[in-house]
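# Structural overview
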Amino acid sequence: MKSLRVRPAWALMIAAGMSCTRPASAPPSTPINTLTAADSAAGWRLLFDGRTTTSWRGFRKDSVPNGWQVVDGGITRVAPGAGDLITRDKFRNFELALEWKIAPAGNSGIFYRASEDADAIYWTAPEMQVLDDAGHPDGQSRLTTAGANYEIDPSPPGVVRPAGEWNQVRLVVNGQHVEHWLNGVKVVEYELGSPAWEAKVKASKFAPHPHYGRNAEGYVGLQDHGDWVAFRTIKIRVLP
């Protein structure tokens, strides 16, 4: 688990956002919280329409906690005690695309193949880190910077955008193969269950948790780590 530092950072958020050039293999660029005809034809579906949160619920809850609200077209963590969000549906092999923006010194994450078999989502699901690298202490280690496979695989420097700017994510989970893309750059690639992955997990705090990274399918999750964070244009494409 990350060290939780609850602060009213949402009050310090920066409103401006940016776009970036996508790689050729990324999903087509679309207006915020919508799908193009090409998206739909390729099998993409929205997990958030910019207005409602019907595709989501709280971890071990039946509905979305009040600490998460739709603000300016983003699912936004606005108040303490919000808790982590998970999708109502489970996914096995998929490609996920979204945008995130975080407050100065903020911390959050994106989970995949999560289950509710433990008292915290991070004991069952690998996490793509969401972070203000420049302002948060986790930015001092590449294992816990934005884009990293949290505490397992490091991400390179110079890819994440500053706090208050939108970052684009593409997360590919296909069998045992996983790719983390951030702002058009593949920052992490690994094979679940490989000897290298097993050695890293064995040396980590996740070692005692039997479900960590081993669920064949599960929920996509968005983390409440005590900081203001927003997610938008969340879409997923199921892979064969």
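Below is a short write-up of the structure. Nothing here was measured: the structure is a model prediction, and the numbers come from that model.

By the secondary structure assignment, Trp-197 is in helix α2 (residues 195-202). For the pair Trp-197 and Asp-153, spaced 44 residues apart in sequence, the C-alpha separation works out to 8.8 Å. If near-sequence neighbours (up to four positions away) are discounted, Trp-197 is found in contact with Asn-149, Ile-152, Tyr-190, Glu-191, Leu-192, Tyr-212, Gly-213 and Arg-214.

What follows concerns the sheet that holds strand β7 (residues 107-114). Taking strand neighbours across the sheet as the criterion, the five strands line up as β2-β5-β12-β7-β8 in an open arrangement whose pairing is antiparallel. The two strands at the open ends of the sheet, each matched to only one other strand, are β2 (56-58) and β8 (127-131). Strand-to-strand, the axes of this sheet are offset by a mean angle of 20°, without reference to chain direction. Alignment of β7 against strand β12 (residues 219-222), held across three bridges, turns out to be antiparallel. Bridging from a neighbouring strand, Phe-111 pairs with Gly-221 of β12.

Before going further, it helps to examine the pairing of strand β4 (residues 74-77). Going residue by residue along β4, you find Gly-74 and Thr-76 tucked away on one face and Ile-75 and Arg-77 tucked away on the opposite face as well. The pairing of strand β3 (residues 68-71) with β4 spans four bridges and is antiparallel. Bridge assignment links Trp-68 to a residue of β4, and that residue is Arg-77. The antiparallel hairpin formed by β3 and β4 contains two residues in its connecting segment, where Asp-72 sits at a positive phi of about 50°. Of the strand pairs in this sheet, β4 and strand β13 (residues 229-238) are connected by three bridges, and their pairing is antiparallel. Counted as the bridge partner of Ile-75 is Phe-231 from β13.

Procedures and definitions
Residues numbered from 1 in each chain as written. Predicted model: local features only at pLDDT ≥ 70, side-chain atom pairs only at ≥ 80, totals over all residues. Heavy atoms only, no water. Helix = DSSP H or I, 4+ residues; strand = E, 2+ residues; numbered from the N terminus. Contact = heavy atoms within 4.5 Å. Pairing = 2+ DSSP bridges. Axes fitted to C-alpha atoms, helices over the stretch in contact; angles between N-to-C directions. Buried < 20%, exposed > 50% of the residue type's maximum accessible area, 1.4 Å probe, protein only.

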